[in-house]
Amino acid sequence: MSVPPKNNPIWADIVTGRKTFTLKFLAAKILLGRVVRTVSASPTAANVNDAVAQLHAVYEKNAGSPSVKEDLKVIFG
Amino acid sequence: MQQNTFSIAEVEKAIKDGRTLLIAGEEALLQALPQGKWVGGTIPYFVSPDKGGEVNKEQVFVTDISEVAASITVGVYTQDTLGKVYTDEDGCGFSFIIVPAASEVHASFAVNGPNYKDFGSRPLIGWVSGVHLDDLGKVTPKVFDGITGKSFEQEAVVMHVMLPAGKSVDVGIINLFEQGEGDVLTFATDGFAATEVMVNGVKENFADYITKNNLDTKLPLVADYYGAMVNISFQSVEPGGEVKLYAPVFSGIRYKHAQAVSNYGEAFSDQLKKNSPDANSVAFSCNCILNYLYSGLEGNKTDPFVGPVTFGEIAYQLLNQTLVYLEVHDN
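Residue numbering note: each chain is counted from 1, following its sequence as written. Lettering for chains starts from A, numbering for ligands starts from 1, and both go in the order in which the items are written. Where local features are concerned, this predicted model is filtered to residues with pLDDT of at least 70; where side-chain atom pairs are given and counted, the filter is 80 or more; whole-chain, interface and lining totals use all residues. The basis for the side-chain values is all heavy atoms of the structure; hydrogens and waters are excluded.

Colleague: Describe the nonpolar core, with residues and values.
Modeller: Core analysis: the biggest nonpolar cluster contains 113 residues, and Y59 of chain A together with L82, F96, F206, Y255 and Y316 of chain B have the highest contact counts within it. Secondary structure elements follow DSSP: runs of H or I no shorter than four residues count as helices, runs of E no shorter than two count as strands, and numbering proceeds from the N terminus. With nine residues, the top contributor of residues to this core is helix α2 (residues 26–41) of chain A. Any two residues having at least one pair of non-hydrogen atoms within 4.5 Å are treated as being in contact. If near-sequence neighbours (up to four positions away) are discounted, Y59 of chain A is found in contact with V3, W11, L23, F25, A28, V68, D71, L72 and I75 of chain A. For our purposes a nonpolar core is just a set of buried Ala, Val, Leu, Ile, Met, Phe, Trp, Tyr and Cys residues, chained together by side-chain atoms within 4.5 Å. Each residue's exposure class comes from its accessible area (1.4 Å probe, protein chains only) as a fraction of the maximum for that residue type: buried when under 20%, exposed when over 50%, partly exposed otherwise.

Colleague: Requested: an account of the sheet that holds strand β6 (residues 60–64) of chain B, with residues and values cited.
Modeller: Residues and elements named next belong to chain B. Reading across the sheet, the six strands line up as β1-β6-β2-β3-β10-β11 and stay open at both edges, with mixed pairing between neighbours. The sheet is open, and its two borders are formed by β1 (2–6) and β11 (150–152), each paired with just one other strand. Averaged over all neighbouring strand pairs, the angle between strand axes comes to 20°, with direction disregarded. At least two bridges found by DSSP between two strands is the condition for calling them paired. The sheet contact formed by strand β10 (residues 143–145) and β11 spans three bridges and is antiparallel. Bridge pairing in β11 links D145 to K150. The axes used here are C-alpha line fits, helices contributing only the stretch in contact, and every angle between their N-to-C directions lies in the interval 0 to 180 degrees.

Colleague: So what's going on with the sheet that holds strand β12 (residues 156–162) of chain B? Residues and values would help.
Modeller: Residues and elements named next belong to chain B. With mixed pairing, six strands are arranged side by side in an open sheet as β7-β12-β8-β9-β25-β26. Each edge of the sheet is formed by a strand with only one pairing partner; in this case those strands are β7 (71–77) and β26 (317–319). Taking each pair of neighbouring strands and ignoring which way they run, the sheet shows an average axis angle of 20°. Two strands pair when backbone bridges link them, and strand β25 (residues 313–315) and β26 are joined in this way by three bridges, in the antiparallel orientation. Bridge pairing in β26 places I314 opposite L318.

Colleague: Give a detailed account of the interface of chain B and chain A, specifying residues and quantitative values.
Modeller: Contacts between the two partners involve 26 residues from chain B and, on the opposite side, 23 residues from chain A. Summed over both sides, the interface between chain B and chain A buries roughly 1900 Å², with carbon and sulfur atoms accounting for 59% of that surface. A salt bridge links K61 of chain A to D118 of chain B; its shortest N-O distance comes to 3.3 Å. Contacts described as polar in this section are N or O atom pairs within 3.5 Å, which, within protein, must combine one atom able to donate a hydrogen with one able to accept it, while residues neighboring in sequence count only if both atoms come from side chains. Remark: the boundary between chain B and chain A carries nine residue pairs in polar contact (both at pLDDT 80 or more). For the side of chain B that touches chain A, the secondary structure elements donating two or more residues are β13 (167–174) and β18 (221–225) of chain B. Two parts lose some accessible area (1.4 Å probe) when they are put together, and adding that loss for both gives the buried area. A carboxyl oxygen of Asp or Glu within 4 Å of a side-chain nitrogen of Lys or Arg is what we treat as a salt bridge.

Shape is all these values report; function is a separate question.
Take a look at the structure:
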């Protein structure tokens, strides 16, 4: 499946911690380890948007990776 | 994928045949190699397919990635330029990095790597070069750019690899440690050393805290990065003074001392069995010198993983006491 656009609300749910998933893609996990805490400490719209942009970019630029494909199925069904 | 120890004569032939190689070995051996499509780093410790863990000063450990390298470029990066590692060579499939231990670029990458522009936009995997433990403080770890044949002590060498059509790669880690049930530890600043720690939010002297609680410093601090356990290993504890670490702690990240393992070697073997990917898909792997020492890996195998035993592992960022690997898949 292709990477859903940034405005899909699930991206924001992930970076704000409203939804959690068991992910496989290591770069996303390391990134989320930082940004979820940043957003949690200061959940401004700008911080959420920035975190979503970073997370979306990591998935989009690695769209061919098997672990990315598995994560997208887990997150978006 | 071919990964094994080879004589200099054998590697010289492979380089002259145009193979694309990742090489680990003693400095004098790497210096003797001809120019070609390779990068290397110094270390005499390997886990080889035949002998398992070994100290080998007569041969080098070679990972031949020719099958997954349609083309390559090699870059040498200073601490000021390494921030471009994800943005250089647009379209490359993955980047392989070797950083000399205790260098400026090592310290800089460890602290700043997670904030590099376009972090994670391509797989970044590699290791920190070192020396025989008897030579600590006497010999400086090096990295080699095989294209020019030059070696470096303060710079990182990166091979940017373009994949053939129909291939993709993934980076994985194997870590036997999990967070224990103890205190939450946080730090006010990023760095390889800390004098003070916040224990459940209350400031204490870090060394005194370790001594008072009789923490086993063979067990690392562990941070939970969205389910990925990331270790920070202890280097030294000066009573009442500084605690030195093999990777930086970061402010804002919550650490816990690792859960104790009853038998380090068995726990590591269990993790290998639980997490091992398809052996045929593993193109490269390396393991930490602390795992080698504490697990007693000399003479023991870690199938399907072989490779250099390193002073730090890199899977997007610097890791400790962790096995990292690169998998190649057919799309």
